[in-house]
Amino acid sequence: MAKRDKISKKILVIGGDGIGPEVTRWGKRVLEAVAEKYGHEFVFDEGLMGHAAIEATGNPLPDDTLEKARKSDAILFGAIGHPKYDQDPSLKVRPEQGLLRIRKELGLYANLRPIKLFDELLSASSIKPEVLKGADILFFRELTGDVYFGEKKKADDGSWASDLMIYHAYEVERIARKAFEAARLRRKKLCSVDKANVLESSRLWRAVVQRVAADYPDVQCSHMFVDNAAMQLIRDPLQFDVILTANLFGDILTDEASQIAGSMGMLASASVGDGTGLYEPIHGSAPDIAGKGLANPLASILSAALMLQIGFQMQEEADAVLRAVEQVLKKGYRTVDIADKHTENSMIVGTDGMGQQIIQQLAYS
Ligand SMILES: NC(=O)c1ccc[n+]([C@@H]2O[C@H](COP(=O)([O-])OP(=O)(O)OC[C@H]3O[C@@H](n4cnc5c(N)ncnc54)[C@H](O)[C@@H]3O)[C@@H](O)[C@H]2O)c1
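Just so it is clear, the structure is predicted and the values come from calculations on it, not from any experiment.

Enquirer: Outline the site of the ligand, listing residues and values.
Expert: Looking at the ligand, there are 21 residues lining it, with Asp86, Gly284, Ala286, Asp288 and Asn296 nearest. One of the side-chain N or O atoms of histidine 283 is found 3.3 Å from a nitrogen atom in the ligand. Here glycine 284 contributes a backbone N or O atom positioned 2.7 Å from an oxygen atom of the ligand. The fraction of the free accessible surface of the ligand (800 Å²) that becomes covered by protein chains is 69%. For the shell around the ligand, the residue count by class is ten nonpolar, seven polar and four charged.

Enquirer: Now, about the pattern of salt bridges: what can you tell me, with residues and values included?
Expert: What the rule picks out here adds up to 26 salt bridges. We note a salt bridge from aspartate 119 to lysine 133, for which the minimum N-O separation is 3.2 Å. A residue pair is termed long-range when its members are at least 10 positions apart, and aspartate 119 in the loop between strand 4 (110-116) and helix 6 (129-132) and lysine 133 in the loop between helix 6 and strand 5 (136-142) qualify at 14 residues. Exposure remark for lysine 133: the relative accessible area of 44% places this residue in the partly exposed category. Ionic pairing is found between glutamate 173 and arginine 211, a salt bridge with its closest N-O pair at 3.4 Å. Of this pair, glutamate 173 sits in helix 7 (residues 169-184) while arginine 211 sits in helix 8 (residues 200-213), placing them 38 residues apart in sequence.

Enquirer: Explain helix 1 (residues 20-38) to me, using residue names and the numbers behind them.
Expert: Its 19 residues give helix 1 an end-to-end C-alpha distance of 27 Å, which sits within 8% of 27 Å, the value for a rise of 1.5 Å per residue. Across the 19 residues that make up helix 1, a large majority, 14, are buried. Two residues or fewer past helix 1, glycine 39 is found with a positive phi of approximately 75 degrees.

Enquirer: Hey, could you go over empty space enclosed by the protein for me, with residue numbers and the actual values?
Expert: Using the criterion set out here, one finds one cavity of 30 Å³ or more in the structure. The space that makes up the largest cavity amounts to roughly 70 Å³. Lining the largest cavity are Asp146, Met165, Tyr167, Val193, Asp194, Ser201, Ser202, Trp205, Ala246, Leu248 and Phe249. Looking at the lining of the largest cavity, the elements with two or more residues in it are strand 8 (189-194), helix 8 and helix 10 (247-258). In terms of residues, the lining of the largest cavity owes the most to one element, helix 8, which gives three residues. Of the residues in the lining of the largest cavity, the class split is seven nonpolar, two polar and two charged.

Enquirer: Could you give me a rundown of unusual backbone geometry, with the residues and numbers involved?
Expert: For aspartate 146, which is not glycine, the phi dihedral falls at a positive 80 degrees. Relative to the helices and strands, aspartate 146 is located in the loop between strand 5 and strand 6 (152-154). Phi is positive for lysine 188, close to 60 degrees, though the residue is something other than glycine. Tracing the sequence through the fold places lysine 188 in the loop between helix 7 and strand 8. Judged by relative accessible area, which is 35%, lysine 188 ranks as partly exposed.

Enquirer: Run through the UniProt feature "site: Important for catalysis" (unreviewed entry) in the chain, naming residues and quoting values.
Expert: On the UniProt side, "site: Important for catalysis" (unreviewed entry) is annotated at positions that read Tyr148 and Lys195 here. The residue tyrosine 148 is located in the loop between strand 5 and strand 6 in this model. Residues in contact with tyrosine 148, not counting those within four places in the same chain, are Arg141, Asn247, Leu248 and Asp251. With respect to the secondary-structure elements, lysine 195 resides in the loop between strand 8 and helix 8. When sequence neighbours within four positions are dropped, the list of residues in contact with lysine 195 reads Ser202, Phe225, Val226, Asp227 and Phe249.

Enquirer: Can you tell me about the UniProt feature "binding site: Mg(2+)" (unreviewed entry) in the chain, naming the residues and giving the values?
Expert: Mapped onto the present numbering, the UniProt feature "binding site: Mg(2+)" (unreviewed entry) falls on Asp227, Asp251 and Asp255. As for its placement among the helices and strands, aspartate 227 is situated in helix 9 (residues 226-235). Inspection of the secondary structure puts aspartate 255 in helix 10. A residue is classified by how much of its surface remains accessible, and aspartate 255, at 45% relative accessible area, is partly exposed.

Analysis parameters
- Residues numbered from 1 in each chain as written.
- Predicted model: local features only at pLDDT ≥ 70, side-chain atom pairs only at ≥ 80, totals over all residues.
- Heavy atoms only, no water.
- Near = heavy atom within 4 Å.
- Polar contact = N/O pair within 3.5 Å; in protein donor to acceptor, adjacent residues only side chain to side chain.
- Areas by Shrake-Rupley, 256 points an atom, 1.4 Å probe, with all protein chains shown as cover.
- Nonpolar A, V, L, I, M, F, W, Y, C, P; charged D, E, K, R; others polar.
- Salt bridge = Lys/Arg side-chain N within 4 Å of Asp/Glu carboxyl O.
- Helix = DSSP H or I, 4+ residues; strand = E, 2+ residues; numbered from the N terminus.
- Buried < 20%, exposed > 50% of the residue type's maximum accessible area, 1.4 Å probe, protein only.
- Expected span 1.5 Å × (residues − 1).
- 1 Å grid on protein atoms, 1.4 Å probe; cavity = no way out; pocket = protein on both sides within 12 Å on 5 of 7 lines; lining within 4 Å.
- Points joined across faces, edges and corners; volume = space filled by probe spheres on them.
- UniProt positions renumbered as here; feature names shortened; annotations may be inferred.
- Contact = heavy atoms within 4.5 Å.

Encoded structure:
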């Protein structure tokens, strides 16, 4: 392997709550191993967010964390959440406020979620292997618009409530450009998912995507209604390359699509804008297994790989991490969430056992 020029990056690590710190530790260890192997310099800092931050400072996103985030080249994040808040929705200061605020402050408008099934986990899915084999989808979910942020109203007497579904053309255009750029580097197919037969905001969405598509004649652009997309994802996931969609549709479709990859513990995501990006597993703080050493660290490790690929344009380094994950799965190592009675010779390991296998594999390959 030829060593490239040394690259220096500042990375903020926010473990968060529950299994967050347990798995993020291994995402960080993998980044350290990559720096060592390729002669780069990654300087790490730590920050608090979520329940841990509320306990320590009363604020789910302390100023100190935000300041460090702004000065970093990338953020590796674990998860936030604690049963205390889930059991009492009336609590005013909440862990998720930290995550929503950091996304807003850093202008993270695009959530990228790669859905890739490792062949070794084919039999761990509830979908037929012949339907899944080769599935490789990259979702672009818009993150800062839609019903989540439109005007909210409700009648005083509780007889009606409404959430405004609103998009501005610039919001659609900026994420569409990112999605087309990504499609160019993949199989050059982009499917924009909307509900343009019914919704005005979807008609705007489609018109903007069509206009942007004209700048990318090398990418085959198609449009699909969201109800059909929900069905097609499970019927024939191989037809998709890049899927571009709005906030609400993306929220629902990406959870559905996570089943294509087997387990929540396998899925990474990147939230990006025009500056520092945030890289995180899609799963939450999993209080049911927190502190037991059972959590699958691969989603955090794959989030670190996304940081290398998207945040730092280190494709070779990112590929090395993906290969290491593939090899370790091929050798039969499984955390409980991806263990499968049909897998012969599989070896059940905990969080640290899986993390150590990946580090060793990275060093050898
Ligand atoms: N981005 C985030 O930080 C985020 C996302 C979703 C939920 N949450 C929060 O997390 C808390 C728990 O929520 P939930 O239980 O609905 O979702 P969850 O993702 O935490 O857990 C769902 C199920 O998946 C399992 N699981 C999740 N990650 C795993 C891993 N890496 N390895 C093995 N198994 C794993 C858990 O044990 C659990 O059974 C809540 O407080 C919620 O608000 C945070």
